[in-house]
Amino acid sequence: MNNAIRAVHARRIWDSRGRPTVEVEVSLAGGARGRGIAPAGTSRGSNEAVDLRDGGDSFGGFGVQRALANVNGPIAAALENIDAEDQERVDRTLIQLDGTPNKSNLGGNAIIATSMAVLQAAAAAHGSSLWRYLAGAGPTVLPLPEIQIFGGGAHAGRRTDIQDFLIMPLGAQSFDEAMVMAAEVYRAAGELLAAKGSRCGVADEGGWWPDFASNEEALGMLVRAIDKAGYRNGEVVISLDIAASEFGSRGRYKLALEKRELSTAEWLEMLLGWVKRYPIVSVEDPVAEDDPDGMRAFTRAVGGAVQVVGDDFLVTNAKRIEDAAEAGQCNAVLIKPNQTGTMTESKQAVAAAKRLGWGTIVSARSGETEDVMIAHLATGWNAGQLKVGSFSRSERMAKWNEVLRIEAQLGAAARFAGAGVLPMRGKPS
Ligand code: 2PG
Ligand code: MG
């Protein structure tokens, strides 16, 4: 059998924050090879798969020697001779071998890198690009991008409480045009910040690291940047990743920048005021992961006019997505493969969300590498949306650039996901 797994090998490489991470190479009997690299989050949900780190003094405790040993030892032995095209069997084997609900035994980093590498090897054996292998005969749209302009929260020394101030180029007709719009807004925002003397470099995902006096000041500046770049009437709109678990718990929200502590009701009132006053079409993790009532209240209050995305709240888990839908929480999900730990479980999360008519956004992590796999997952799974960070730093640009290559491969058949992929009624203005 040409697609039988012959060898699985892990090595230590380094991520965009200069921390160790796990790279896995898989080779098949017929000679095809695939590579997977584990990304790493900072603002993590407490129900995510857990990375295995060595602890101790080296690399701030982020070493991955134990995770590498797990791949090169038990994982390699368990996968030998399994058909790489049978991804479900591969992932089931990994899950059973680990034996914990959060993959903490072998390590989420060891498992996701292996699962990714097997999928890449299977696509290579087919002689196809990964996106084409995944899409098969199904429909494919090039994803609507969410591009970070200002980085804050845990990715920028908590300079703002809100983590990501992003844009969505709803007026673009193609992915190529979407990138042009992102470039212009990113540049305009940088110029405005520099003129004000508050540009302090870039944050972990490449967005400008700002010096603002309040969270709302960032929103005002973003609107000015969109205007300065020449976009009008909803051509470019705003998306926020609040990442509220980073500053809220047990119904209390501590806005360090504004030296205020709010109850869930007060916090939601503030957030809903922003939604009313600014062209915001998408809000991710508006409340903390331990505030399901707050999530329901926010989802109900925006009444289908805004995409409400669960990240820490749903952790790419099909069951959590179904339960949240039942409870009236969220209408979209962020898909981060390393939150759940395998390709199969990630795909199941996409399928569950699609069945519900939800938005699906494939997302990078704040710790990334040159790996461009998520560009292929977003397209091949027909997710409709892609979030990879900002418009600088090569670990981000590599992914945007890869979608441009996929768009070119599709040629005349390329279809760009416009506002229609958002799970709301009609086009927001
Ligand atoms: C998020 C991600 C990416 P992290 O919260 O959506 O922006 O951050 O990878 O640190 O969890
Ligand atoms: Mg998030």
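Procedures and definitions
- Residues numbered from 1 in each chain as written.
- Chains lettered and ligands numbered in written order.
- Predicted model: local features only at pLDDT ≥ 70, side-chain atom pairs only at ≥ 80, totals over all residues.
- Heavy atoms only, no water.
- Near = heavy atom within 4 Å.
- Polar contact = N/O pair within 3.5 Å; in protein donor to acceptor, adjacent residues only side chain to side chain.
- Areas by Shrake-Rupley, 256 points an atom, 1.4 Å probe, with all protein chains shown as cover.
- Nonpolar A, V, L, I, M, F, W, Y, C, P; charged D, E, K, R; others polar.
- Domains from an automatic or database assignment.
- Contact = heavy atoms within 4.5 Å.
- Buried area = accessible area lost by both parts, 1.4 Å probe.
- Salt bridge = Lys/Arg side-chain N within 4 Å of Asp/Glu carboxyl O.
- Helix = DSSP H or I, 4+ residues; strand = E, 2+ residues; numbered from the N terminus.
- Axes fitted to C-alpha atoms, helices over the stretch in contact; angles between N-to-C directions.
- Parallel < 35°, antiparallel > 145°, perpendicular 65-115°, else oblique.
- Left-handed = near helix turned anticlockwise from the far one by under 90°.
- Phe/Tyr/Trp six-rings, centres within 6.5 Å; stacked < 30°, edge-to-face > 60°.
- Buried < 20%, exposed > 50% of the residue type's maximum accessible area, 1.4 Å probe, protein only.
- Lys NZ or Arg CZ within 6 Å of the ring centre and 35° of its normal.
- Pairing = 2+ DSSP bridges.
- Donors = N, O, S within 2.8 Å, 3.2 Å for Na, K, Ca; no water.

1. Notes on the site of ligand 1
- In the vicinity of ligand 1, 16 residues are found, and the nearest of them are Thr 42, His 155, Glu 205, Arg 365 and Ser 366.
- Separating an oxygen atom of ligand 1 from a side-chain N or O atom of Glu 205 is a distance of 2.7 Å.
- In this structure, an oxygen atom belonging to ligand 1 sits 3.2 Å away from a side-chain N or O atom of Lys 336.
- A total of 310 Å² of accessible area belongs to ligand 1 in isolation, and the protein chains cover 99% of it.
- Looking at the shell around ligand 1 residue by residue, the class counts come to two nonpolar, six polar and eight charged.
- Both of domain 1 (5-127) and domain 2 (144-421) provide at least three residues apiece to the shell around ligand 1.

2. Quick word on the domain arrangement of the chain
- Per the domain assignment, the segments making up the chain are domain 1 (5-127) and domain 2 (144-421).
- Placing a centre on the C-alpha atoms of domain 1 and another on those of domain 2 gives a separation of 27 Å.
- The partner domain 2 presents 30 residues to the 28 residues of domain 1 that form the contact.
- The contact between domain 1 and domain 2 buries some 2500 Å² in all, and 52% of this surface belongs to carbon and sulfur atoms.
- Scanning the region where domain 1 abuts domain 2 turns up three salt bridges.
- For the pair domain 1 and domain 2, the interface holds 19 residue pairs in polar contact (both at pLDDT 80 or more).
- The set of elements that each furnish at least two residues to the side of domain 1 that touches domain 2 consists of helix 2 (87-98) and helix 3 (108-126).

3. Some points on the packing of helix 1 (residues 65-79) against helix 3
- At a minimum axis separation of 9 Å, helix 1 and helix 3 run at an interaxial angle of 50°. One element, helix 1, and the other, helix 3, form an angle in the oblique class. Judged by the sense of rotation from one axis to the other, the crossing of helix 1 with helix 3 is right-handed. Facing helix 1, whose interface residues are Ala 67, Val 71, Ile 75 and Leu 79, helix 3 presents Asn 109, Ala 110, Ile 111, Thr 114 and Val 118.

4. Some details on the packing of aromatic side chains
- Within the structure shown, the criterion is met by ten aromatic pairs.
- Ring geometry for Phe 150 and Phe 165: centres 6.3 Å apart, planes at 70°, overall edge-to-face. Of the two residues, Phe 150 sits in strand 4 (residues 144-151) while Phe 165 sits in strand 5 (residues 164-168), which places them 15 residues apart along the sequence.
- On the basis of relative accessibility, which here comes to 0%, the residue Phe 150 falls in the buried class.
- With relative accessibility at 1%, the residue Phe 165 sits in the buried group.
- An aromatic cluster is built from Phe 247, Tyr 253, Trp 267 and Trp 274, whose rings are joined through pairwise contacts.
- Above the plane of the ring of Phe 62 lies Arg 19, whose end atom (NZ or CZ) is 4.1 Å from the centre.

5. Description of the pairing of strand 15 (residues 359-363)
- The buried count for strand 15 comes to five of five residues, which makes it a mostly enclosed element.
- Burial along strand 15 is two-sided: Gly 359, Ile 361 and Ser 363 facing one way and Thr 360 and Val 362 facing the other are all buried.
- Bridge analysis of strand 14 (residues 332-335) against strand 15 gives four bridges, and the strand direction is parallel. If you follow Ala 332 over to strand 15, its bridge partner there is Gly 359.
- Where strand 15 meets strand 16 (residues 384-389), four bridges bridge the pair, whose relative direction is parallel.

6. Regarding the pairing of strand 10 (residues 252-255)
- Side chains Tyr 253 and Leu 255 project from strand 10 onto a buried face, and the interleaved Arg 252 and Lys 254 project onto a face without burial.
- Two strands pair when backbone bridges link them, and strand 9 (residues 248-249) and strand 10 are joined in this way by two bridges, in the antiparallel orientation. Note on strand 10: the bridge partner recorded for Gly 248 is Tyr 253.
- The sheet contact formed by strand 10 and strand 11 (residues 260-263) spans four bridges and is antiparallel. Counterpart to Lys 254 in the pairing with strand 11 is Glu 261.
- Two successive antiparallel strands, strand 10 and strand 11, enclose a turn made up of four residues, where Lys 259 displays a positive phi of approximately 50°.

7. With respect to the coordination of the magnesium ion (ligand 2)
- Taken together, Asp 241 (OD), Glu 284 (OE) and Asp 311 (OD) make up the full set of protein donors to the magnesium ion (ligand 2), lying 2.0 to 2.2 Å away.
- If you list the donors of the magnesium ion (ligand 2) from N- to C-terminus, the spacing comes out as D-x42-E-x26-D. Of this pair, Asp 241 sits in strand 8 (residues 237-241) while Glu 284 sits in strand 12 (residues 280-284), and the two are 43 residues apart along the sequence. Taken as a pair, Asp 241 and Glu 284 share a single burial class, namely buried.

8. Quick word on the sheet that holds strand 3 (residues 33-37)
- Within the open sheet, the three strands sit side by side as 1-2-3. Their pairing is antiparallel. Of all strands in the sheet, those with a lone pairing partner are strand 1 (5-14) and strand 3, marking the two edges. Pairwise comparison of adjacent strand axes, ignoring direction, gives a mean angle of 20° for this sheet.
- Relative to strand 3, strand 2 (residues 20-28) runs antiparallel, the two sharing five bridges. Residue pairing in the sheet places Val 26 in a bridge with Gly 34 of strand 3.

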